[in-house]
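So you can see what is in the structure, the chains are spelled out below.
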Amino acid sequence: KSFKDELERALAKQKTDLESIAAYHETESIFNLKEELTAGKMNEMDALREDLERKSKEALEAALSIKTAEADSMLSDMKEEHAAQMRSVRESHARAMLMVETELAETKAVLQEEHAKDKADALDSLKDFMAAALAEKVAAVEATCESEKVKALEQ
């Protein structure tokens, strides 16, 4: 009996030891599995983060490229519009200058005509004045001559 009891105790102890070892190995395996899963998840998360960063960078670069193209297009349109406005301003300025030059030429012609008329009127007035003065002198000389003639006849 004692051999049987001893064998049972040895088997029970061995069973307890085996269960302890199995529990330890199970805990260690679970721990190792958790570590592997965690490392795998971390690697996946790193890969996803890198992929997300790459895709974000590509999306930002694409958006920036689009915005740059839009800005370049707007700038080009604005330059063309400015050039058209400048052409219009130059044409308007040229027309205004032509009008001013025409008005200036017309005014000059009118002033020259008025000046010529004023000069002619002044000359006519001077001529009339001189003719009147000459007529007075002639009349005075004739009167003097007549007076001298009368005096001479009386003597």
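Just so you know, these numbers come straight off a predicted model, no measurement behind them.

Calculation criteria
- Residues numbered from 1 in each chain as written.
- Predicted model: local features only at pLDDT ≥ 70, side-chain atom pairs only at ≥ 80, totals over all residues.
- Heavy atoms only, no water.
- Helix = DSSP H or I, 4+ residues; strand = E, 2+ residues; numbered from the N terminus.
- Rg over C-alpha atoms; globule rule 2.2 N^0.38 Å.
- Buried < 20%, exposed > 50% of the residue type's maximum accessible area, 1.4 Å probe, protein only.
- Areas by Shrake-Rupley, 256 points an atom, 1.4 Å probe, with all protein chains shown as cover.
- Lys, Arg positive; Asp, Glu negative; His and termini not counted.
- Charge placed at Lys NZ, Arg CZ, Asp CG, Glu CD.
- Salt bridge = Lys/Arg side-chain N within 4 Å of Asp/Glu carboxyl O.
- Patch = residues over 30% accessible without salt bridge, like charges linked within 9 Å, V, L, I, M, F, W, Y side chains within 5 Å.

Caption draft 1: Structural detail: the overall build of the protein chain. When helices and strands are counted, the protein chain shows 1 helix and 0 strands. Taken over C-alpha atoms, the radius of gyration comes to 64 Å for the protein chain, far larger than the 15 Å a tight globule of 155 residues would show. Each of the three principal axes of the protein chain carries a C-alpha extent, and together these read 220 × 25 × 10 Å. When the 155 residues of the protein chain are sorted by exposure, 0% land in the buried category. For the protein chain, the computed accessible surface area is about 14,300 Å², with 62% contributed by carbon and sulfur atoms. A distance of 7 Å separates the average location of the 23 positive side-chain charges in the protein chain from that of its 36 negative side-chain charges.

Caption draft 2: Representation of the pattern of salt bridges in the model. Under the criterion given, the structure shown has 9 salt bridges. Of the charged contacts, one joins Glu 58 and Arg 54 as a salt bridge, the two residues approaching to 3.1 Å between their closest N and O atoms. Placement of both Glu 58 and Arg 54 in helix α1 (residues 2–154) is noted, with a separation of 4 residues, approximately one turn of the helix. The class of Arg 54 is partly exposed, set by a relative accessible area of 41%. Here Lys 117 and Asp 121 are joined by a salt bridge, their closest N and O atoms 3.4 Å apart. Pair noted here: Lys 117 and Asp 121 are both in helix α1, with a separation of 4 residues, about one helical turn. A single salt-bridge network, built from bridges that share partners, covers Asp 51, Arg 54, Lys 55 and Glu 58.

Caption draft 3: Representation of a nonpolar patch on the surface. Side chains of Leu 123, Leu 126, Phe 129 and Met 130 sit close together on the surface and give an oily, nonpolar patch of about 440 Å² of accessible area. Locating Leu 123 in the fold gives a position in helix α1.

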